[in-house]
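Below are the chains, spelled out letter by letter.
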Amino acid sequence: SAPAPGPKRATILAVCNQKGGVGKTTTSINLGAALAETGRRVLMVDFDPQGSLTVGLGINPHALELSVYNLLLQRNVDVDEVIVESDTDDVDVLPANIDLSAAEVQLVSEVAREMILSRLLDRLRDRYDVILIDAPPSLGLLTINALTAADGVIIPLECEYFALRGVALLTDTISKVQERLNPDLEIVGILGTMFDSRTLHSREVLQRVVEAFGDIVFHTVIKRTVKFPETSAAGEPITSYAGTSPGARAYRTLAREVLARCHAR
Ligand code: ADP
Ligand code: MG
């Protein structure tokens, strides 16, 4: 279809859960790649000092001269010198490395410390259709910055016992950010990840998540498959590493759901 007239305004989505290992980075990379396949211009922001999104897109975090850290905490850094064009697929990346771990402390003494990322990404909104932020596994200032910058939050939940533990704390944090910093913030959806259809256990957990959150839960569920760890090692999204695999198809379906929900906003 023809592009809409006038400047584009990217939708900014934060992928958040303070628990580690639930599929935030995997979802950021593969949802981003699936959105790019539809022709959307996508920027992925690695906002975790572990730099897993950066690595997962085939970029060496140790070799970076500049990263999202420099944009956050230094003046006069040109964003175009930090953005990396990922070559395996059509996405741009704001990469991160361990430098970002210092930001959590250094941001504390900044003026409007919760809004630094928001101000940075607002300047990029007219260049992209979607900006995805891969949040770190904590509820500290980096995550608050991600939530303040975002229009919507995607919450990956591992289909394991105790998955729901900690979600109340996350939704509380989201509510506080809505009240104090970003009234337009919405939860776009909760995504069941690492689902194992062969176990009763996985099905029970998913059922409880749906009972607790209803329509907010995406219809798409991401199954557990060794393909995902393989793709991280290969440094590319599943949509290019194993383009016809069920995992690639699941993230394409998720992309359609996300677009439908964002257009309905
Ligand atoms: P987070 O960013 O929340 O810490 P990751 O996306 O890095 O989580 O996932 C944690 C680990 O689990 C990674 O090794 C990743 O490759 C693997 N993983 C993610 N999603 C799946 C899945 N659906 N099936 C199997 N392994 C997965
Ligand atoms: Mg991660």
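Now for a quick tour of the structure. (Residues numbered from 1 in each chain as written. Chains lettered and ligands numbered in written order. Predicted model: local features only at pLDDT ≥ 70, side-chain atom pairs only at ≥ 80, totals over all residues. Heavy atoms only, no water.)

## Comments concerning the nonpolar core
Phe-47, Leu-94, Leu-121 and Ile-133 are the most contacted members of the largest nonpolar core, which has 53 residues in total. Non-local contacts of Ile-133, meaning those with residues more than four positions away in its chain, are made with Ile-12, Leu-13, Ala-14, Val-15, Ser-28, Val-45, Phe-47, Leu-117, Leu-121, Ala-146 and Ala-149. Counting residues in hydrophobic clusters, the runner-up holds 33 residues, among them Met-44, Ile-59, Val-188 and Leu-191. (Core = buried A, V, L, I, M, F, W, Y, C linked by side-chain atoms within 4.5 Å. Buried < 20%, exposed > 50% of the residue type's maximum accessible area, 1.4 Å probe, protein only. Contact = heavy atoms within 4.5 Å.)

## What about the packing of helix H6 (residues 141-149) against helix H7 (residues 167-180)?
The description of two helices packed together rests on the angle between their axes and the distance between the axes. The contact between H6 and H7 brings their axes to 10 Å, and the two run at 55 degrees. Relative to H7, the element H6 is oriented oblique. At the point where H6 passes H7, the crossing takes the right-handed sense. For the pair formed by H6 and H7, the contact residues are Ile-144, Leu-147 and Thr-148 on the first element and Thr-173, Ile-174 and Val-177 on the second. (Axes fitted to C-alpha atoms, helices over the stretch in contact; angles between N-to-C directions. Helix = DSSP H or I, 4+ residues; strand = E, 2+ residues; numbered from the N terminus. Parallel < 35°, antiparallel > 145°, perpendicular 65-115°, else oblique. Left-handed = near helix turned anticlockwise from the far one by under 90°.)

## Describing the side chain of Asp-48
Mapped onto the elements of the fold, Asp-48 is located in the loop between strand S2 (42-46) and helix H2 (52-56). Buried within the structure, Asp-48 lacks any salt-bridge partner; its nearest side chain of opposite charge belongs to Lys-24, at an N-O separation of 6.3 Å. (Lys, Arg positive; Asp, Glu negative; His and termini not counted. Salt bridge = Lys/Arg side-chain N within 4 Å of Asp/Glu carboxyl O.)

## Side note on the packing of helix H1 (residues 24-37) against helix H11 (residues 246-263)
Their axes nearest at 8 Å, the elements H1 and H11 cross at an angle of 75 degrees. Taken together, H1 and H11 sit at an angle that is classed as roughly perpendicular. Here H1 contributes Thr-26, Thr-27, Asn-30, Leu-31, Ala-34, Leu-35 and Glu-37 to the contact with H11, which in turn contributes Tyr-251, Arg-252, Leu-254, Ala-255, Val-258 and Leu-259.

## With respect to the pattern of salt bridges
Here the structure, examined in full by the defined rule, presents 11 salt bridges. Linking Glu-158 and Lys-19 is a salt bridge whose minimum nitrogen-to-oxygen distance equals 3.4 Å. Linking Glu-158 in strand S6 (residues 152-158) with Lys-19 in the loop between strand S1 (11-15) and H1, this pair joins segments that are 139 residues apart in sequence. Judged by its relative accessible area of 15%, Glu-158 is buried. Note on Lys-19: relative accessible area 35%, which makes it partly exposed. As a salt-bridge pair, Asp-122 and Arg-125 come within 2.8 Å of each other at their nearest N and O atoms. A residue is classified by how much of its surface remains accessible, and Asp-122, at 35% relative accessible area, is partly exposed. Overall, Arg-125 belongs to the buried group, its relative accessible area being 11%. Connected through shared salt-bridge partners, Lys-19, Glu-158, Glu-160 and Arg-224 make up one network.

## Some words on the site of ligand 1
Close contacts around ligand 1 come from 15 residues, with Gly-21, Lys-24, Thr-25, Thr-26 and Lys-223 the closest. The separation between a nitrogen atom of ligand 1 and a polar main-chain atom of Thr-225 is 3.0 Å. Between ligand 1 and the protein, one listed contact pairs an oxygen atom with a side-chain N or O atom of Ser-232 at 3.4 Å. Burial of ligand 1 by the protein chains amounts to 79% of its free accessible area of 560 Å². Those elements that provide at least two residues to the shell around ligand 1 are H1, strand S8 (217-223) and helix H9 (227-234). For the shell around ligand 1, the per-class residue count stands at five nonpolar, seven polar and three charged. (Near = heavy atom within 4 Å. Polar contact = N/O pair within 3.5 Å; in protein donor to acceptor, adjacent residues only side chain to side chain. Areas by Shrake-Rupley, 256 points an atom, 1.4 Å probe, with all protein chains shown as cover. Nonpolar A, V, L, I, M, F, W, Y, C, P; charged D, E, K, R; others polar.)

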